[in-house]
Amino acid sequence: MDKKVVLAYSGGLDTSVAVRWLADRGYEVIAYMADVGQGGDFKKLKKRALSAGAVKVVIEDLKKEFAEDFVFQSLKAGAVYESGYLLATALSRPIIAKGLVETARKEKAGAVGHGCTGKGNDQVRFEVTVMALAPDLKIIAPLREWNMYSRGEEIEYAREKNIDIDVTKKSPYSLDQNIWGISIECGVLEDPWNEPPQDAYRMTQDPKKAPNKATYVEIEFKKGCPVALNNKKCGAVEIITKLNEIGGKNGIGRTDLVENRLVGIKSREIYEAPAGWILHNSHKELEALVLDRELLHFKQGVSLKYAELVYYGLWFTPLKRALDGFIDKTQVKVSGTVKVKLLKGTASVVSRKSPHSLYKKEMATYDPGDKFDRTVAEGFIKVWGMPYKK
Ligand code: ARG
């Protein structure tokens, strides 16, 4: 038990070297691979883990749970970090860490490990989640302990140890992908003055080259969650996958952000989240139709806090749970349909309707049929402005 560790394994250089490094220190390593929609050849990666010295590989498909319980919860909350990041990476860490903990319990392991670097947010998210769910488990972060500081040194180590590693296919960027989007950093992006080159993007077409003709999509929501696309019922994974494809073709969902990391530094990262932005914009518009002013404005503040909690790795915490209670309550009437126009990088909502709409044409209209009682406006203004009358 003491020398058994479940390691979050992606199949990349860092985690493959980490398997060997742990094995060399007497650990029995179980490589845990969570499928959150990152793509990749799991069979090949499993072989790689075994060749690096893992005694066992556990692969779990978490896509459905991730989409329903993490991504859609964040969508309902309206969570966006620093105005540009829909939190794809941040949302995936608590569910992967939960998978690590559950696997450690099943395998009777006394430790879990991850391959995050010592200066990022992800180490915090993994470890805080493990601490919250299983405080007794030991946490090992090989990359914070070993004294290899460059990719070159790691490749050298992998060669020495005969780990089958694919170094030719290396992208000049650091990537992290799942169904909710991709995060791209490093390389030329490290200079915030450099415009991101087209080759940095993975999920979206260059908006300039996107079709000149608009594509329309109709999305139906029930209690804040998307349930149908173009009048066809869809599960969470299906709707996100389809919108990624349609949105990607139309160049939707690119953002470029200098962000504040939890560990105190600023970093520059670019993001793609085609389905994410289409759904976020749609959901926001539907809320505009059905939520009253006070609730809507109050919820905007909660969205900011919620995004911080997700970014900071505080998913499994009392405040996050309490806010979920509030969020779910706000979504009771958020049902209806939104039509979005996708064109050359923009996703604009052009139509919205709901059985719970608070929009009353007879109150808003400037045409005949107006039911708004203008005679009460004068009195209202007198009282409203009274404090400011000198
Ligand atoms: N900055 C993002 C976050 O902290 C993404 C981190 C991972 N990015 C990457 N390219 N590997 O959530």
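To be clear, the structure that these remarks concern was listed above.
Description of the structure in this document.

## Quick notes on the packing of helix 3 (residues 63-77) against helix 11 (residues 318-330)
How two helices sit against one another is set out by the angle between their axes and by the gap between those axes.
1) Next: Where helix 3 contacts helix 11, the axes come no closer than 9 Å and their chain directions differ by 70°. Accordingly, the angle class assigned to the pair helix 3 and helix 11 is roughly perpendicular. Of the two elements, helix 3 crosses helix 11, and the hand of that crossing is left-handed. Only D324, I327 and D328 of helix 11 make contact with helix 3, whose side of the interface consists of Q73, K76 and A77.
2) Next: In terms of residue class, the contact of helix 3 with helix 11 is made up of two nonpolar, one polar and three charged.

## Re helix 3
Two residues of an α-helix separated by three or four positions point the same way, owing to the 3.6 residues in each turn.
1) Next: With 15 residues, helix 3 extends 20 Å between its outermost C-alpha atoms, agreeing within 8% with the 21 Å of an ideal straight helix rising 1.5 Å per residue.
2) Next: Largest kink in helix 3: about 30°, centred on V71.
3) Next: Turning to helix 3, its buried residues are F66, A67, F70, V71, F72, Q73, S74, L75, K76 and A77.

## Describing the nonpolar core
1) Next: L87, I219 and I240 are the most contacted members of the largest nonpolar core, which has 76 residues in total.
2) Next: Tallying contributions element by element places helix 4 (residues 88-106) first for this core, with nine residues.
3) Next: With residues near it in sequence (within four places) discarded, I219 still touches P226, A228, L229, I239, L243, I278, L279, S282, G336, T337, V338 and V340.
4) Next: Formed by 30 residues, the second largest nonpolar core is a distinct cluster that contains L45, A52, Y157 and A158.

## Description of helix 4
1) Next: Helix length check: helix 4, at 19 residues, gives a terminal C-alpha distance of 28 Å against a target of 27 Å (1.5 Å per residue), a fit within 8%.
2) Next: Remark: K108 follows helix 4 within two positions and exhibits a positive phi of approximately 55°.

## Description of the state of the cysteines
1) Next: This model, assessed by the stated rule, comprises zero disulfides.
2) Next: Between C186, a free cysteine, and C116, which holds the nearest cysteine sulfur, the sulfur-to-sulfur gap is 13 Å.
3) Next: Since its relative accessible area comes to 25%, C186 is described here as partly exposed.
4) Next: C234 forms no disulfide, and the closest cysteine sulfur to it belongs to C225, at a distance of 14 Å.
5) Next: We classify C234 as buried; its relative accessible area is 11%.

## Brief notes about the sheet that holds strand 12 (residues 266-272)
1) Next: Read across the sheet, four strands follow the order 6-7-12-11 without closing on themselves; strand pairing throughout is antiparallel. Edge positions in the sheet fall to strand 6 (174-178) and strand 11 (254-260), since each of these pairs with one other strand and no more. Taking each pair of neighbouring strands and ignoring which way they run, the sheet shows an average axis angle of 20°.
2) Next: Pairing between strand 7 (residues 181-185) and strand 12: three bridges, direction antiparallel. Bridged to I182 within strand 12 is E272.

Rules of the game
Residues numbered from 1 in each chain as written. Predicted model: local features only at pLDDT ≥ 70, side-chain atom pairs only at ≥ 80, totals over all residues. Heavy atoms only, no water. Axes fitted to C-alpha atoms, helices over the stretch in contact; angles between N-to-C directions. Helix = DSSP H or I, 4+ residues; strand = E, 2+ residues; numbered from the N terminus. Parallel < 35°, antiparallel > 145°, perpendicular 65-115°, else oblique. Left-handed = near helix turned anticlockwise from the far one by under 90°. Contact = heavy atoms within 4.5 Å. Nonpolar A, V, L, I, M, F, W, Y, C, P; charged D, E, K, R; others polar. Expected span 1.5 Å × (residues − 1). Bend = angle between axes of the 7 residues up to and from the residue. Buried < 20%, exposed > 50% of the residue type's maximum accessible area, 1.4 Å probe, protein only. Core = buried A, V, L, I, M, F, W, Y, C linked by side-chain atoms within 4.5 Å. Disulfide = S-S within 2.5 Å. Pairing = 2+ DSSP bridges.

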